[in-house]
Amino acid sequence: MFNFPGTVLIDDKKEELYEILASISAAGIPCIPINYQNNDSNNPSGIDHIDLENIRPRIIITDLNLTESGSLDAKSLVGPIAAVLKPLTNNGPYILLFWSKNAGLVEEVVNLLKIRFHDKINLPIHWGVISKADFKDKPVELKNKIKLLIKENSLFNAVSDWESRVAYAAQKTSNALYELTTPTEYQAEDKADLHQEELRKALALIGNETVGINNAADYPSLAIDLGLSPLLQDQLHIINLDENLWGTAIPAIGKKQDLSDPIKSALNTFCHLEQVSSDFPKDCRGVFVSLNSQNLETAEKLHKLEDKLGSSVENIIHEEFLSKSRCGKSKADAKLFQSEARKAIKLGFVELSAVCDQAQKKTKLHQYLLAALIPEKFIALTLFKKGNGEQNFSHMGIYRLPKIIIDGEMYVLKLSFKYQIGVKAFSEVDGRTYENTWFGEPLFRLKDQILSDISFKCAQYSSRPGVIRFD
């Protein structure tokens, strides 16, 4: 998909302006037409009658002869062009395209523009010519020509592509949030209002969780920006936004939110997980690779796996991930419930090698943590009795993610810092390729923000001091 940057079209003849606009619109190029005003003392630039505050074009298409000067020479043509560019291009890269019948004069005009106005206006990063004779009433050819002119300058092409992708990513984020907050129970006449309310709550919750409720109440725009755009937070942080903008749109921000579990889980999934295909790399940082079920199919394979782990799979499950709580059931029903849970959970491994090693491809043996994906049905077994209360983990070496959604089902993901395994998903020795038989298919990838927290907690657990005391 090719997204055109912001485009402005300028001509002094209204009839020709809208003829050109018709071709550009037919080509699917968003464009703002400006009718140049000549011989007006109150309009020195010729475009001062237009409010330019929100216009920051990346492409400017203009007639070469804006004042209909009788003598077609570069010296008489360059002044009006410079006057137009000054208020229109006060910052940022842009390309200047001339819609003209006199292509031979364009290069001389551009050279004079550079010589005479280099210290007065923001000069174009690139320029080109679109012949009126060749492209009038030819929208497809015109579109292809503009594409070609954009690509002629690799720097501008890369910058405009990056801006398009950022804008598209922002739109995709909004679309995803809007979709996941779609109400499931509603009266037909209330759906639109209810959907808006659920989206407001979700956005407020994101803002609250990002900077805290009190800070979110004081700085709603900052909370939303950081919550939705962690990868761009340094850039967003320096923008001086009107805090009333998000504060007015989301009155609930800064207040505790009450969202349903499905929406909370959807938000957790959206923020922390990326579902991947079966051919996704098994050694990518953050990937969850399921335990190959073939390791559990026969007693021989199971014992081989358990010998490597140093304990039975059943013991590991109950020592690390699931309690043996009766959950208010009879002894027989509790045992059956626990047996069902052991069969239902998905054991696997999460890759947690150092981010710098991953980025520089210096990882020798990839570090994996043993993990378990536990269906919501067995959520009661993820709680362990400690003293007079309950907690979400059996010991301090367990990391528990909030509820997430995989393939439409809700799960809890737990990782064990006690079971850290250094292996390779694939290796090559003497020209022969070996595949790790423990690994099944990758299901998802944990995103950087949650990975940073896991890495920090894992390092804390590994480096906790043990002190000998004689009291």
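Scoring rules and cut-offs
- Residues numbered from 1 in each chain as written.
- Predicted model: local features only at pLDDT ≥ 70, side-chain atom pairs only at ≥ 80, totals over all residues.
- Heavy atoms only, no water.
- Axes fitted to C-alpha atoms, helices over the stretch in contact; angles between N-to-C directions.
- Helix = DSSP H or I, 4+ residues; strand = E, 2+ residues; numbered from the N terminus.
- Parallel < 35°, antiparallel > 145°, perpendicular 65-115°, else oblique.
- Contact = heavy atoms within 4.5 Å.
- Nonpolar A, V, L, I, M, F, W, Y, C, P; charged D, E, K, R; others polar.
- pLDDT = per-residue confidence, 0-100.
- Salt bridge = Lys/Arg side-chain N within 4 Å of Asp/Glu carboxyl O.
- Buried < 20%, exposed > 50% of the residue type's maximum accessible area, 1.4 Å probe, protein only.
- Pairing = 2+ DSSP bridges.
- Polar contact = N/O pair within 3.5 Å; in protein donor to acceptor, adjacent residues only side chain to side chain.
- Expected span 1.5 Å × (residues − 1).
- Arc of directions from axis to C-beta.

### A word on the packing of helix α7 (residues 191–211) against helix α9 (residues 220–228)
And then number 1: Running from amino to carboxyl end, α7 crosses α9 at an angle of 90°, the nearest separation of the two axes being 8 Å. If you check the angle between α7 and α9, you find them roughly perpendicular. Note on element contacts: α9 touches α7 through A223, I224, L226, G227 and L228, opposite L203, I206, G207, T210 and V211.
And then number 2: Of the residues that constitute the contact of α7 with α9, the class distribution is 7 nonpolar, 3 polar and no charged.

### Details of the confidence of the model for the protein
And then number 1: Mean pLDDT over the protein works out to 84, with 91% of the residues at or above the 70 mark.
And then number 2: The low-confidence segment residues 231–240 (pLDDT under 50) makes 5 contacts with residues lying over four places distant or belonging to another chain.

### What to know about the pattern of salt bridges
Note that side chains of opposite charge can pair when their charged atoms are close.
And then number 1: The final tally for this structure, using the stated rule, is 7 salt bridges.
And then number 2: Note that K120 is salt-bridged to D119, the shortest N-O span being 3.4 Å.
And then number 3: Residue class for D119 comes out exposed when judged on its relative accessible area of 56%.
And then number 4: The partner of K282 in a salt bridge is E435, and the shortest N-O contact between them spans 3.4 Å. Here K282 is found in the loop between β6 (273–275) and β7 (287–291), whereas its partner E435 is found in strand β16 (residues 432–435), with 153 residues between them in sequence.
And then number 5: You can call K282 buried: its relative accessible area is 13%.
And then number 6: On the accessibility criterion, E435 (48% relative accessible area) is partly exposed.

### Structural notes on unusual backbone geometry
And then number 1: Positive phi, normally seen in glycine, also occurs at C327, with a value near 55°.
And then number 2: Relative to the assigned elements, C327 resides in the loop between α14 (313–321) and α15 (331–344).
And then number 3: Residue class for C327 comes out partly exposed when judged on its relative accessible area of 28%.
And then number 4: A positive phi angle, close to 50°, is found at D407, a residue other than glycine.
And then number 5: Residue position: D407 is located in the loop between β13 (404–406) and β14 (409–423).
And then number 6: Judged by its relative accessible area of 63%, D407 is exposed.

### Some details on the pairing of strand β15 (residues 426–429)
And then number 1: In this structure, β15 lies alongside β16, joined through 4 bridges in antiparallel fashion. Its bridge partner lying in β16, F426 is registered against E435.
And then number 2: What sits between β15 and β16 in their antiparallel hairpin is a turn of 2 residues, with D430 showing a positive phi close to 50°.

### With respect to the side chain of Q338
And then number 1: Its place among the elements puts Q338 in helix α15.
And then number 2: In terms of polar contacts, Q338 uses its side chain to reach the backbone carbonyl oxygen of S325, at 3.3 Å.
And then number 3: Ignoring anything within four residues of it in the chain, the contact list for Q338 reads H318, S323, K324, S325 and L381.

### Some remarks on helix α17 (residues 448–462)
And then number 1: Between its first and last C-alpha, α17 extends 21 Å over 15 residues, near the 21 Å set by a 1.5 Å rise per residue.
And then number 2: Within the sequence span of α17, burial applies to I450, L451, I454, C458 and Y461. In a view along the axis of α17, the buried residues occupy a sector of 100°, so they form one face of it.
And then number 3: On the buried face of α17, the contacting elements are α12 (261–272), β8 (346–351), β9 (366–375), β12 (398–400), β14 and β17 (439–446).

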